[in-house]
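What the coordinates show
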Amino acid sequence: MQRFDFLVRSREVEGKELKALQAKAQARPADYQSENQKAALRVLQELTGQDAAPNPAAWQRVLGVAKADE
C-alpha cells in the first residue's frame, strides 16, 4: 500500500503581489484560456461528442444540467 499525504496552505494576496497579478489578468485577452481550461474543454468534447462555448453556462445548456443556484 502506498500513502499520499498533502498539505494545503491558504493565504491572502496583498500589496505589490496583488497589483502584479491584477495587471497580468487585465493584460490577457477576453477569450484567454489556460492550458487546464483547454484540456477540460477537450475532455468534455470527447466524452460527450458535443461542442459548446468554453464557459460553464453553455455546457450546462448543452448537457441539460440545472445551475447550482436554481
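Residues numbered from 1 in each chain as written. Predicted model: local features only at pLDDT ≥ 70, side-chain atom pairs only at ≥ 80, totals over all residues. Heavy atoms only, no water.

Turning our attention to the overall build of the protein. The number of helices and strands found in the protein is 3 helices and 0 strands. Its helices and strands in sequence order give the protein the pattern α-α-α, from N to C terminus. For the C-alpha atoms alone, the extent of the protein along its principal axes is close to 45 × 45 × 30 Å. Classification of the 70 residues of the protein by burial places 6% in the buried group. Of the roughly 6800 Å² of accessible surface on the protein, 53% is carried by carbon and sulfur atoms. A gap of 7 Å separates the mean positions of the 11 positive and 10 negative side-chain charges of the protein. (Helix = DSSP H or I, 4+ residues; strand = E, 2+ residues; numbered from the N terminus. Buried < 20%, exposed > 50% of the residue type's maximum accessible area, 1.4 Å probe, protein only. Areas by Shrake-Rupley, 256 points an atom, 1.4 Å probe, with all protein chains shown as cover. Lys, Arg positive; Asp, Glu negative; His and termini not counted. Charge placed at Lys NZ, Arg CZ, Asp CG, Glu CD.)

Right, let's get into a nonpolar patch on the surface. Together, Leu 44, Val 62, Leu 63 and Val 65 make up an exposed nonpolar region whose accessible area comes to about 270 Å². By the element assignment, Val 62 lies in helix α3 (residues 56-63). (Patch = residues over 30% accessible without salt bridge, like charges linked within 9 Å, V, L, I, M, F, W, Y side chains within 5 Å. Salt bridge = Lys/Arg side-chain N within 4 Å of Asp/Glu carboxyl O.)

Moving on: the pattern of salt bridges. Counted under the stated rule, the structure contains 3 salt bridges. Note that Arg 3 is salt-bridged to Asp 5, the shortest N-O span being 3.0 Å. Using a relative accessible area of 58% as the deciding quantity, one classes Asp 5 as exposed.

Okay, helix α2 (residues 35-48) next. With 14 residues, α2 extends 20 Å from end C-alpha to end C-alpha; this agrees with the ideal 20 Å at 1.5 Å per step. The positive-phi residue at the C-terminal boundary of α2 is Gly 49, with phi of around 70°. (Expected span 1.5 Å × (residues − 1).)

Moving on to α3. Where α3 begins, one side-chain oxygen reaches toward the backbone nitrogen of Ala 57, 3.3 Å away; that side chain belongs to Asn 55. Note on α3: the residue one or two positions beyond its end, Gly 64, has a positive phi of about 70°. (Polar contact = N/O pair within 3.5 Å; in protein donor to acceptor, adjacent residues only side chain to side chain.)

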